Protein chains: 2
Amino acid sequence: MEMPTGRSSMSPEDALRTAEDRFVAVWGQMAGAWGISRTMAEVHALLYITGKDLCTDDIMERLQISRGNASMSTRALVDWGILSRVNKRGDRKEYFQAEQDVWAMFRAIVRERMNREVDPLLASLHEIRDMTNIETSGAKPTGELREQIAGQKERIDAMLEFFVTLEKLGARFVSPSGKGLQLAASLLSKMPDFGALTSRDESSRERSSR
Amino acid sequence: MEMPTGRSSMSPEDALRTAEDRFVAVWGQMAGAWGISRTMAEVHALLYITGKDLCTDDIMERLQISRGNASMSTRALVDWGILSRVNKRGDRKEYFQAEQDVWAMFRAIVRERMNREVDPLLASLHEIRDMTNIETSGAKPTGELREQIAGQKERIDAMLEFFVTLEKLGARFVSPSGKGLQLAASLLSKMPDFGALTSRDESSRERSSR
DNA sequence: CCTCGTTTTCAGAATATTTTGAAAACAAAG
DNA sequence: CTTTGTTTTCAAAATATTCTGAAAACGAGG
C-alpha cells in the first residue's frame, strides 16, 4: 500500500491530508495523557485539525471505525465539553464541531479531570485522615504506635495541602477569570529562570545501581 | 471474611492498618491519572503512607502480588525518581523508601511526564507544521486549498503555543528554583478570585439534547 | 569457581479495556 | 400510525495491558 511519508515531493492536497493524518496519529498517542481512549482522542484530533463540521459517517470513513464506536466517542467528547453538536438545515444528520480555542479546550479538560479525579481524591483523603481520630478517642495509644499514627496524619496532611492547592489553582484556571491565569502563565513562562544554572539534559539521570 | 470499615469501634492498630489500606486503594485508583499501572501506584502508596523502608517480600506480602510484579514496579518507580533504594548493613535484601516530600515527588512526576509526553509531542507538532511548507514551495495552491492549509497552520500554531507555555512552566516547576513556583502557586491559590461570580456547581452542565 | 540468598526477566495466563455490529430506539416527515 | 434515515445501546469479540511464576542472572562470601 502507498503511504505518503511527507518527505518526498507530494501534491499540496496530499500534503494537507497527510499532515492531518499525522496529527490524528500523534494526538491519538496522547490519549493516555488525557485519560481517554485512543479513538476518542483521534476523533477529537480529526475535528480539530480539519476545522470542519463532520458527521458520524465522515468520521467512520476517515478513521475506519465502527458506527458504535463513533457514536460513543462523539458522545463522550460532547460530555467533556470539547465538541459541540451542529445541525444543518435540510439534513437530518448530526454534525460535530471541535472547540477551536485551544485554551478553552484545555480549560474544559482541566475542569473535567478536577471533577473526576481531584475532588473524589480530596474527599477520600479527608475521610482517611479522620479514621485514626475518632476511634482513638477511647483508647490512648502510646509509644511506637502513637508515633506511627502521628506520622500517618502528617503524610496525609502534606498530600492534602498539595491537592488543595492544585484544586484551587485548577478552579481559577477554569473560572471565568481563567484567562487571567492564562496570561499569568504566559508571562511567567517567558521570564528567564533566575534559579541555579538551568543546565539542559538533566534527563540523563541514570538508573541507580544496586 | 471480616473487613474493617473504619466506622465501628476498632483498636488503634487496626485503625492505622485500615487507614493504610484505604490510602493504598485510593492512590491505586489514581494510577490512570499519573499514567502508571495500578500496582505501581499501590506500591508507591504503601511506601509513602507507612513511611517505612520495605523490602520486596514485605511489599509482596502486604499487596498480595507476585515477586515479578513487585520487582518491575519498584524498578519503574525508582526510574521515575520517587522511590530510592536503601541497603541495610548485615542484610542482603534491598529496601525501598518513598520520597517523603510531596512537592519533590510531584516535581519528579512532572519532569518525567514532560520528557515522555510533552517533548515528543512538541517535536511532532513542529514536524507536522512544516509538512505543508516545504512541498508547497514548488506548486502554489490557491483558493479553497490555500485557505485550508493556512487554517491548519494556525491551528497547529495555537496548539504549539499552548504546549510551549506548558513546557516552560513545567521546566520552571522542575528546576532547582521550582520551589519559587511552588510558593507562587500557594499564594495564587489562596488569593480570592476577582473574576465574575465564582458560582459553584458549574458541574451540572447537562448533556445537550439532539 | 561454588554456593546461596536475592533480584530480574519474560513467555504465557489472567484481566481489563476498547471495538464491533446488529438490534432497538428515536424522531422527522408523510 | 408508518415509513425512513439516523443515532444509541450493549453483548460478544478483539485487542491491549498487566501479572505471574519459574528459570536465569546476579553477586557476595567462602
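This section reports on the structure supplied with the text.

**Details of the overall build of chain A**
Link 1 in the chain: Summing up its helical and strand segments, chain A has 8 helices and 3 strands in all.
Link 2 in the chain: Tracing chain A from N to C terminus, the helices and strands come up as α-α-α-β-α-α-β-β-α-α-α.
Link 3 in the chain: Across the 210 residues of chain A, 47% fall into the buried class.
Link 4 in the chain: Residue pairs in contact within chain A that sit at least 24 positions apart in sequence constitute 58% of those at least 6 positions apart.
Link 5 in the chain: For chain A, the accessible area works out to roughly 11500 Å², and carbon and sulfur atoms hold 52% of it.

**A few points about the protein's contact with DNA strand D**
Link 1 in the chain: The full set close to DNA strand D counts 19 residues, and A:Ser71, A:Glu94, B:Thr39, B:Ser66 and B:Arg92 are the nearest of them.
Link 2 in the chain: In DNA strand D, atoms within 4 Å of the protein come 56% from sugar and phosphate.
Link 3 in the chain: For DNA strand D, a phosphate oxygen lies 3.0 Å from a polar atom in the side chain of A:Ser71.
Link 4 in the chain: Residue A:Glu94 places a main-chain N or O atom 3.0 Å away from a phosphate oxygen belonging to DNA strand D.
Link 5 in the chain: Elements represented by at least two residues in the surface near DNA strand D include exactly helix H5 (67-80) of chain A together with helix H5 (67-80) of chain B.
Link 6 in the chain: The leading source of residues in the surface near DNA strand D is H5(A), at 5 residues.
Link 7 in the chain: Across the surface near DNA strand D, the residue classes tally to 2 nonpolar, 9 polar and 8 charged.

**Some words on the side chain of B:His44**
Residues and elements named next belong to chain B.
Link 1 in the chain: Tracing the chain through its elements places His44 in helix H3 (residues 38-50).
Link 2 in the chain: The class of His44 is buried, set by a relative accessible area of 3%.
Link 3 in the chain: Of the polar contacts made by the side chain of His44, one reaches the side chain of Trp27; its length is 3.1 Å.
Link 4 in the chain: Among all residues touching His44, those that are not within four sequence positions of it are Trp27, Leu77, Ile82, Leu83, Ala98 and Met105.

**Remarks on the sheet that holds strand E1 (residues 54-55) of chain B**
Residues and elements named next belong to chain B.
Link 1 in the chain: Judged by pairing direction, the sheet is antiparallel, and its 3 strands sit side by side in the order E1-E3-E2 without closing on themselves. With partners counted over all chains shown, the strands left at the sheet margins are E1 and strand E2 (83-87), one partner each.
Link 2 in the chain: Of the strand pairs in this sheet, E1 and strand E3 (residues 94-98) are connected by 2 bridges, and their pairing is antiparallel. What sits directly across from Leu54, in E3, is Phe96.

**Some points on the sheet that holds strand E3 (residues 94-98) of chain A**
All names here are of chain A.
Link 1 in the chain: Read across the sheet, 3 strands follow the order E1-E3-E2 without closing on themselves; strand pairing throughout is antiparallel. Among the strands making up the open sheet, the edge pair consists of strand E1 (54-55) and strand E2 (83-87).
Link 2 in the chain: In the packing of H5 onto the sheet, the strands contacted are E2 and E3, and the crossing angle to E2 comes to about 110 degrees.

Scoring rules and cut-offs
Residues numbered from 1 in each chain as written. Chains lettered and ligands numbered in written order. Predicted model: local features only at pLDDT ≥ 70, side-chain atom pairs only at ≥ 80, totals over all residues. Heavy atoms only, no water. Helix = DSSP H or I, 4+ residues; strand = E, 2+ residues; numbered from the N terminus. Buried < 20%, exposed > 50% of the residue type's maximum accessible area, 1.4 Å probe, protein only. Contact = heavy atoms within 4.5 Å. Areas by Shrake-Rupley, 256 points an atom, 1.4 Å probe, with all protein chains shown as cover. Near = heavy atom within 4 Å. Polar contact = N/O pair within 3.5 Å; in protein donor to acceptor, adjacent residues only side chain to side chain. Nonpolar A, V, L, I, M, F, W, Y, C, P; charged D, E, K, R; others polar. Pairing = 2+ DSSP bridges. Axes fitted to C-alpha atoms, helices over the stretch in contact; angles between N-to-C directions.

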